[in-house]
Amino acid sequence: MAETATAPKNVKFIITRQDDPQSSSYVEEFELPYRPGMNVISALMEIQRNPVNAKGDSTVPVCWDSNCLEEVCGACSMVINGKPRQACAALIDNLEQPVRIEPMKTFPVVRDLVIDRTRMFNALKRVKAWIPIDGTYDLGPGPRMPEKKRQWAYELSKCMTCGVCLEACPNVNEKTDFIGPAAISQVRLFNAHPTGEMNADERLDALMEDGGIDGCGNSQNCVRACPKGIPLTTSIAEINKQTTKHMFKRWLGV
Amino acid sequence: MKGFYSRKIHSLLGVIPLGAFFIEHMMTNFAAVEGGASGFTDSVIWLNSLPLVFFLELFGIWLPLLYHGVYGLYIAYQSKPNLNRFNIERNWRYTLQRITGIITFVFIIWHLFQTRVQVAVGSVEHEELGGLMHDIVTSPLMLTLYIIGIVAACFHFSNGLWSFLISWGITVGPRSQRVSSYLCLGIFVLVTFMFLISLVTFRDAEFQTAASIAQSIKSFI
Ligand code: HEM
Ligand code: SF4
Ligand code: FES
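None of these values were measured; they are calculated from a predicted model. (Residues numbered from 1 in each chain as written. Chains lettered and ligands numbered in written order. Predicted model: local features only at pLDDT ≥ 70, side-chain atom pairs only at ≥ 80, totals over all residues. Heavy atoms only, no water.)

On to the packing of helix α9 (residues 232-252) of chain A against helix α1 (residues 3-15) of chain B, then. Relative orientation and spacing of two packed helices are given, respectively, by the angle between their axes and the distance between those axes. Running from amino to carboxyl end, α9(A) crosses α1(B) at an angle of 105 degrees, the nearest separation of the two axes being 12 Å. The orientation of α9(A) relative to α1(B) falls into the category roughly perpendicular. For the pair α9(A) and α1(B), the contacting residues are A:Thr243, A:Thr244, A:Met247, A:Arg250 and A:Trp251 in the first and B:Phe4, B:Tyr5 and B:Lys8 in the second. In terms of residue class, the contact of α9(A) with α1(B) is made up of 4 nonpolar, 2 polar and 2 charged. (Axes fitted to C-alpha atoms, helices over the stretch in contact; angles between N-to-C directions. Helix = DSSP H or I, 4+ residues; strand = E, 2+ residues; numbered from the N terminus. Parallel < 35°, antiparallel > 145°, perpendicular 65-115°, else oblique. Contact = heavy atoms within 4.5 Å. Nonpolar A, V, L, I, M, F, W, Y, C, P; charged D, E, K, R; others polar.)

Here it is in structure tokens:
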């Protein structure tokens, strides 16, 4: 860690802020003493402790959202140096300075860096991203999942609804109602499950409604942006295949 | 109509019939390279001798073009390009697909006005189209505009094929999508080459025969 010892003493942050959902955004700069191993969240904590901006004026602490601090909950997604990603996993050592931080404006901004990801969870409800097993009696064990399939399905199950893929997508914006890559990938996951498969058509029907899979324009940014390395474009193409088949089957009445 | 179906129709029309006609058009033009002025005229006459040519043109070109073009403009309008944040190859192609769609739209209207509309209003006969093209492409400005329009249309068609294969779930995994990228790149190079070499061939003096007629149309335009 010889390099960090010689690193500049201060780190500069340029943060896009907004006081409430209606007000317009503004930019505020902060300068913090460098500390080895610091990341964007620890920097925001430092601002919270001592809310003084770069001009030396005291200000209102910057609001943000975070939870797990280990890149598994998805709460701390924001745009850091132009890239949507998790703040808790954004080490200052790996970032170009000054560090520019903005909220993911694809979502409604609640305050400063806090966004409202409700649409992600509504999307999961819309496509029924679960396996219905409730009943009045014990149904017994379900069919087994082949190990090979389990391995790739597990990768899809890592999604933390963080919203980065929606922020990266040029077709998710105020002019469209595109559901976004995450929910489409979850349909692939639950349609691959031996019990979930029994309700596959319902999920495909949901993705053939307005704002469904047809919103994809193949920019393929999502797969590059996803922090979990989920093969989103493979999921989208696979669901393109399933919905196309489903469409022909519905026409032919089989 | 629900977005899913209207979008599927848009996608299908891009390949059948529009893509098929695009290739047919490329071969008709190439007859000028292979058979000279008479070869090109023969080809045009053959095309117009097809049975029910009016309906072929209406259902095979005009209506599909109108639907795909207008809906395509709407799709392009709905996009919010973000090359500044994601300066990567696939995102470039996504963006170019939309830009070339718009260029192609303008180019096709202009090109149709200069050629097909002139035939329709009776200012020019099918046999005289070679001479008309000669007159158009001997103007450096027109030649440049045609080259831009043609390259845009060729990109739009080739990259459209790539995206069509995904939209219909034919290429699913990253490997197949990579292989189809190379194939579509090959198609782009081939189709662009064929169109451009035909375009340049129209500059040959042997197409000049009908130049006087074309001249009178030009003053009319
Ligand atoms: C008249 C002007 C045109 C406009 C404005 C236009 C616009 C568009 C747009 C925006 C797309 C992207 C759709 C998407 O990625 O979801 C597209 C796709 C496509 N276009 Fe066009 N287009 C035009 C003409 C043509 C022509 C003449 C052809 C045939 C040579 C063509 C073939 C295709 C193909 C094959 C696709 C891919 C379909 C898919 O992704 O499923 N287009 N067009
Ligand atoms: S698919 Fe990846 S980028 Fe999209 S919400 Fe899930 S974890 Fe985040
Ligand atoms: S706090 Fe959970 S992902 Fe960053």
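The rest of the description comes next.
All names here are of chain B. Under the local residue numbering, the UniProt record ascribes the feature "transmembrane region" (unreviewed entry) to residues 12-32, 52-74, 95-113, 143-170 and 182-202. Across residues 12-32 one finds 90% helix and 0% strand; the C-alpha atoms that close the span lie 30 Å apart. Taken end to end, residues 52-74 has its terminal C-alpha atoms 32 Å apart, with 96% of it in helix and 0% in strand. (UniProt positions renumbered as here; feature names shortened; annotations may be inferred.)

A few words now on the UniProt feature "binding site: heme" (unreviewed entry) in chain B. Residues and elements named next belong to chain B. Look at the UniProt record and you will see "binding site: heme" (unreviewed entry) annotated at His 25, His 68, His 111 and His 156. Relative to the helices and strands, His 68 resides in helix α3 (residues 53-78). According to the relative accessible area criterion, His 68 is buried, its value standing at 16%. Apart from the residues lying within four places of it in its own chain, the contact partners of His 68 are His 10, Leu 13, Gly 14, Leu 18 and His 156. A distance of 2.9 Å separates the side chain of His 68 from the backbone oxygen of His 10, its partner in a polar contact. Structurally, His 111 is set in helix α4 (residues 89-114). In contact with His 111, other than residues within four places in its own chain, are His 25, Arg 116 and Tyr 146. (Buried < 20%, exposed > 50% of the residue type's maximum accessible area, 1.4 Å probe, protein only. Polar contact = N/O pair within 3.5 Å; in protein donor to acceptor, adjacent residues only side chain to side chain.)

The full set close to ligand 2 counts 14 residues, and A:Cys159, A:Cys162, A:Gly163, A:Cys165 and A:Cys226 are the nearest of them. Along the lines of polarity and charge, the residues of the shell around ligand 2 split into 11 nonpolar, 2 polar and 1 charged. (Near = heavy atom within 4 Å.)

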